[in-house]
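Architecture and fold: a report
Each chain, letter by letter, is given below.
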Amino acid sequence: MGGRRRNLFVLLFVAGLIGVSALIIATHKTQLGLDLRGGVELVYEGRPTPQQPEVNGEAIDRSIDIIRERIDAFGVAEPEISRLGTDEISVGLPDVKNAGRAADQVGTTAQLYFYDWEPNLLGPAREIAGTPGAAPPSGPLIALQDEWRKAHREPTDILNQQLINSGAEPNAYDAALIASEQPPKSDCNDCTAPARYYLFAKRPPHKLIAGPETKRADLFVSPTGEKRPKNGIVIKVPEGTLVVSEQPIGDDGVAVPPDEHPPGWYAIKDKPAVAGTDIKNPEQNFDPQTNAPNVTFDFTDTGRQEFSDVTRQIAQRAAANYLPNSGISPDQASGHFAVVLDNEVASRPIINFQENPDGIDGRNGAQITGLQVQEAQDLAKLLKIGALPINLKLISQSEVSATLGEQALHEGLRAGVVGLILVVIFLIAFYRFLGVVASVALGAYGVIFFALIKLIPITLTLPGIAGLILTIGVAADSNIVIFERIKEEVRAGRSMPSAIAAGYRRGIATIIDANVVTLMTAFILFVLATAGVKGFAFTLGVGTIVSLLTAVVFTQALLSTMSHSRFLRSPSMLGAGRQRARWHFDFMGASRWFFTVSGVILSIGAISLATKQLNLGIDFESGTRIKTTLVKATDEEGVRTALDGIGISDAEVQQVDDPNFGSNTFQIQSHDLQPAQVEKARSTLQSDFGIKPDSFENQSVGPTFGKSVANNAAKAIIFSMLLICGYVALRFQPKFAVPVLIALFHDILITGGVYSLTGQEVSSGTVAAFLTILGYSLYDTIIVFDRIRENMPRMPRAAFSQIVNRSMSEVLTRSLATSFSTVIGVTCLLLFGGATLKDFAFAMLIGIASGTYSSIFIASPVLTAWKEREPEFRARHDRIAAASPAGIVPPFAEEIEVAKLPD
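Residues numbered from 1 in each chain as written. Predicted model: local features only at pLDDT ≥ 70, side-chain atom pairs only at ≥ 80, totals over all residues. Heavy atoms only, no water.

**Comments concerning the overall build of the protein**
Helices and strands together make up the secondary structure of the protein, namely 28 helices and 23 strands. Here the protein, with 903 residues, has 53% of them falling under the buried criterion. Counting contacts in the protein only where the partners sit at least 6 residues apart, residues at least 24 apart contribute 76% of the total. For the protein, the computed accessible surface area is about 39,000 Å², with 57% contributed by carbon and sulfur atoms. (Helix = DSSP H or I, 4+ residues; strand = E, 2+ residues; numbered from the N terminus. Buried < 20%, exposed > 50% of the residue type's maximum accessible area, 1.4 Å probe, protein only. Contact = heavy atoms within 4.5 Å. Areas by Shrake-Rupley, 256 points an atom, 1.4 Å probe, with all protein chains shown as cover.)

Below, the structure written as C-alpha cells:
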C-alpha cells in the first residue's frame, strides 16, 4: 500500500471510529463509581470455616455469587462486586444510605443450625437445666453460679455479686471460661465453627471487649469500637464447643433490644442435630395467634427425618423423666429445640411431650420467632439464598452522599475541560499549525476514549477522572516529542515531507519507551492497588494506548497528507523559524552544584521524616472519619460532648472549611467504629444539632485493611522500580539503569520530605500519584537518554561529558515542554478539583518538578560520572584534555574539531 493510500486509510479509519464513538456516547450510560453517585462501599476479608478450611479462589468466587444474589434480592441496582487480592471482596452499593444494615445483609454468614438444647449445655446451666421432667436441683440458681465462681477462684466483690444477683444466665465471660475448659474435639467434621478467641476486661465483671475471632491478633484490631487493652483476659474456645448468646423475648414476642436487657450467654457442645442446608422455602410471615413476625420454612426429605428424630428424642426423654406430682407443668418439664443462627439463639421453642409424644413430623415445617418485621424479611432472604462458604470480616466501609458525589463529578469534569482548553492553547501558541493538528488529535482522543469508558464499561471514579486528565498530558507529550523532532529537521534544511517523515521515524522510539513505562506503572497499580486506585490505573492504561493511535498514527497521516500544501512551506507556520536562542550551558560542569542543592533538600526532608514523620491517613493507620454539616451552630467541644455521651470518647473533632459541604462543617476522626456505631453517631448529631440533607459521609478502615494497603503500596513501588530499571537496561545499556534508579529514589524521597514538612495527609491516592511520578520522571529521563544514545555514534571522538552536554542542549526545550503540558492538567486538578483530586494533584506537582529536575541534573551527571570511567571514554577525556590549551575538557565540541585530534 502506498504512502498516500495508507494515510487516507488511517484518516478514514479514525473518522469512522469518531462516528461510532459519538453513537456510543449518545446511546450508552456512563457507569459512575460510588464516590461520584453516592452509596456505601464495604470491604471484607475471607476467613476459613471447618467446612471450608482454606480461603481459596473457588470459595471467594462462590461468596461473590452469593453476595450478588443477596444484593439482587434486597433490590440494590447496579452493585459493584469485585475481588481484591487473594482473600478480600469489595462490595459497592450505590444509593444505599444505611451502612450498618448493608453490612448485615451482605456479610452475614447465615449459618443456621438446630440443637437438642439441654444435652448440649455445659457448666452450671446444664446442672440447672438438669434432665427435663426431673425435680429441680437443690439450691437456687444463684447459689450454683456462686459455687462455680468460687471453684474458679473468681472474686466475689460487691460488683461481681450484683452481677450474679442480676439474673439466671451466666455472662459472656462465664460462658467463654466454661467453654475453654472443654477438651478440643479430635474429629470435628460436623463442627460448625473453628476455634474462637475472646477478649475480656481484666477487672470484674470482665466486660466482653472483642470476639469471637478466628485469629488471636484480631482481638486487638477488630472494629469493635472499644479501646482494646493489651492486658485484658484472652480466652480460647476450642473447636467442638460454642459460645452462643440469646436475647430475651418481650411480651410482644419480639426480642428485647440489647441496650434494654443484656443477652444471656451459654457454652454448648458444637453438635447440631439439623443443618440449615436441610431447610427450604423460607418466608417471612406472621404468627396467626400473636400476629408477631416470624420466618417459616419447610424441610428437605433428609432434614424432615433428622428433625423428626431429634424432636422424638426430646419428647421421649422428657416423658421418661417426668414426675406427675412434682408440681411442674408439662411445659416446664419439656425439653427445648434451639435454632442457632451465626452463634445467636434465634429461637428456643419447647417440644411438649404430651402434645407431641412421638416428636414433630416436620411436614408442616418450623418457624423462627422473636424478630422485628424488617429483621424477619432480611433473614428469610438470607436463608433462601443460602449461607456463605466462608466467614467474612468487615475490614473497611465508607459512605458518600449522592449530592456530594454529584459535586465531585462536576468539579472533576470542570478540571478536565479547563485543562484540555489550556493544553490546546499552549500547543497552538508554541507549535502554530502543528499545535492545531495536535488539538484535532486531542479532540479525537477525547471522543474515542470517552466512548471506550462507556463501552467496556470503565466505572468512572474520582481517581479515574484524574487518570483521564493525566492521559491528556500523555497524548500532548507524544505530540511534543515528535513536533520538536520535525522542527529540528526543518531547521536542518529538509523539505517538509522529509522533515515530517524523519520526525516521526526518529521520535517513535522515544514515545514507545515512555509509554511502555507508563503502561507498566498502570499495570502494577491495577494489580496491587485498592478499588479506587484501580480505576485510575485502568483509565491511565487505556488512555495511554488510545493516545498512541491519535497522537502518533493519526497526526502522522494528517500531516503527511498535507505536507505538500503551500502554507506548510513556511517554517514559521510550524513554529520552526530561525532559532534566536539556543541552550548553551555546561550541565556536566555544574553537576556538583546540582548535587549540592539536591543534597540540601534531601537532608531537610530526611530530618523532617525522622522527626515529624509522615501524616498517614486512615487508609494506612485505620480508624473512622466522619464529615458532616450541622444545622445548629456549635463548636468542636459541643460535638465532642455529644459523641462522649454515646461512648465515642477518643474522637478528634475539627471544624473544617470545605466548599462542598458549606459552613458549620465538622470532621470527626476516631478509632475504628462498627457501622452500627457510625449510625448511632449520625442519629445523635441529627437529634442534637440537625444534619443538612445529603451532607454526611464517612469512611472506616480496619487495621487489617490498612496493613494490606501499606504492604501493597510498598510492593507496587518496588516492583515498578525493578520493572522500569529492567526495561531501561534492555532498551539502552545496563549502566543506564543505575542513574534511573538513583533519580527515582531522589524523586520519591523529595516528595516524601515535602509531605512530611507540609503535614499533607498520605492516602492510597498519594501512592498512585507516587507511582505516576515514577513514570513521568522516567519520561523526561528517556527523552534525554534517547538523544545521548543517538549522539554517541555521531560523536565518536568526543568526551562523554561533551556528548551529554550537547544532548541536553538539544532536548531541554522538549523536556520542559512535556513537563509544562502535564503541569497544566495537574494545576487544573489542584485549582478546580475536589479534596481527593487536590490531594492527588499536590503530589503530582511536587513529583513533576522533582522528576524534571532529576532527569536533567541528576540522572545525566550520574551516568556521565560512571561512563567516563570506561577505558574508551577515559582515553577520549585524556586525549582532549592534553590537546586543550587550558588542559581541561571544554564543555562543548563540534565533531569536526574533535575529529582533528590525534588518536
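**Looking at helix α18 (residues 591–611)**
For α18, built from 21 residues, the straight-helix expectation of 30 Å at 1.5 Å per residue is met to within 8% by its first-to-last C-alpha distance of 30 Å. If you check which residues of α18 are buried, you get Ser591, Phe594, Ser598, Gly605 and Ser608. The buried residues of α18 occupy an angular sector of 125° when projected down its axis, which confines them to one face. For α18, exposure combined with an orientation more than 90 degrees from the buried face picks out Arg592, Trp593, Ile607, Ala610 and Thr611. Gln613 sits one or two residues past α18 and shows a positive phi near 60°. (Expected span 1.5 Å × (residues − 1). Arc of directions from axis to C-beta.)

**A short note on the sheet that holds strand β7 (residues 233–237)**
Pairing within the open sheet is antiparallel, and its 3 strands lie in the order β6-β5-β7. Since the sheet does not close on itself, it has two edges, and those belong to β6 (208–213) and β7, each with one partner. Averaged over all adjacent pairs, the angle separating strand axes in this sheet is 15°, with direction ignored. Where strand β5 (residues 196–200) lies against β6, 3 bridges are found, and the strand directions are antiparallel. If you follow Phe200 over to β6, its bridge partner there is Leu208. In the packing of helix α9 (residues 172–180) onto the sheet, the strands contacted are β5, β6 and β7, and the crossing angle to β7 comes to about 50°. (Pairing = 2+ DSSP bridges. Axes fitted to C-alpha atoms, helices over the stretch in contact; angles between N-to-C directions.)

**So, the side chain of His336**
Looking at the element boundaries, His336 is found in strand β13 (residues 335–341). Polar side-chain contacts of His336 include one of 2.7 Å to the side chain of Glu118. Once you skip the residues sitting within four places of it in the chain, His336 turns out to touch Tyr115, Asp116, Trp117, Glu118, Ile314, Arg348, Pro349 and Ile350. (Polar contact = N/O pair within 3.5 Å; in protein donor to acceptor, adjacent residues only side chain to side chain.)

**Here's the deal with the pattern of salt bridges**
Applying the stated rule across the entire model yields 26 salt bridges. Glu761 serves as the salt-bridge partner of Arg625, at 2.5 Å between the closest nitrogen and oxygen. You can see Arg625 sitting in strand β19 (residues 623–630) and its partner Glu761 sitting in strand β23 (residues 761–762), a full 136 residues away along the chain. Take Arg625: its relative accessible area is 16%, and that puts it in the buried class. By relative accessible area, Glu761 is classed as partly exposed at 24%. Overlapping salt bridges, with partners in common, bring together Arg485, Glu488, Asp786, Arg787, Arg789, Glu790, Arg794, Arg806, Glu810 and Arg814 in one network. (Salt bridge = Lys/Arg side-chain N within 4 Å of Asp/Glu carboxyl O.)

**Regarding the packing of helix α14 (residues 433–455) against helix α15 (residues 462–491)**
Here α14 crosses α15 at 145°, and the two axes come no closer than 10 Å. When you trace α14 past α15, the crossing you get is right-handed. When α14 is examined against α15, the residues Leu434, Gly435, Ala438, Leu442, Tyr445 and Phe449 are found in contact with a partner set consisting of Leu468, Thr471, Ile472, Ala475, Ala476, Asn479 and Phe483. (Left-handed = near helix turned anticlockwise from the far one by under 90°.)

**Notes on helix α20 (residues 636–644)**
Restricting attention to buried positions, one finds in α20 the residues Val639, Ala642 and Leu643. Seen end-on, α20 carries its buried residues on one side only, within an arc spanning 95°.

**Quick word on the nonpolar core**
Membership of the largest hydrophobic core comes to 117 residues, with the highest contact counts inside it found for Leu427, Phe483, Leu559, Phe785, Ile788 and Phe840. In terms of residue count, α15 provides more of this core than any other element does, 14 residues in total. The contacts of Leu427, once residues within four sequence positions are left out, are Arg432, Gly435, Ala438, Leu442, Ala476 and Ile480. If you look at the next biggest cluster of nonpolar residues, it comprises 26 residues, including Val274, Phe299, Ala318 and Phe353. (Core = buried A, V, L, I, M, F, W, Y, C linked by side-chain atoms within 4.5 Å.)

**Notes on the sheet that holds strand β11 (residues 279–286)**
One open sheet holds the 3 strands; their spatial order is β11-β12-β16, and the pairing between them is antiparallel. On the outer flanks of this sheet lie β11 and β16 (366–368), each paired with one strand and no other. The average angle at which neighbouring strand axes cross in this sheet is 30°, direction not considered. Note that strand β12 (residues 293–299) and β16 share 3 bridges and pair antiparallel. Residue Val295 lies in a different strand from β16, and its bridge partner there is Ile368. Against the sheet, helix α12 (residues 373–385) touches β11, β12 and β16, its axis set at about 165° to β11.

**Thoughts on a nonpolar patch on the surface**
On the surface, Ile456, Phe523, Phe526, Val527 and Phe538 cluster together to form a nonpolar patch covering roughly 460 Å² of accessible area. With 3 residues, the single largest contributor to the nonpolar patch is helix α16 (residues 496–528). By the element assignment, Phe538 lies in helix α17 (residues 531–562). For Phe538, a relative accessible area of 32% corresponds to the partly exposed category. (Patch = residues over 30% accessible without salt bridge, like charges linked within 9 Å, V, L, I, M, F, W, Y side chains within 5 Å.)

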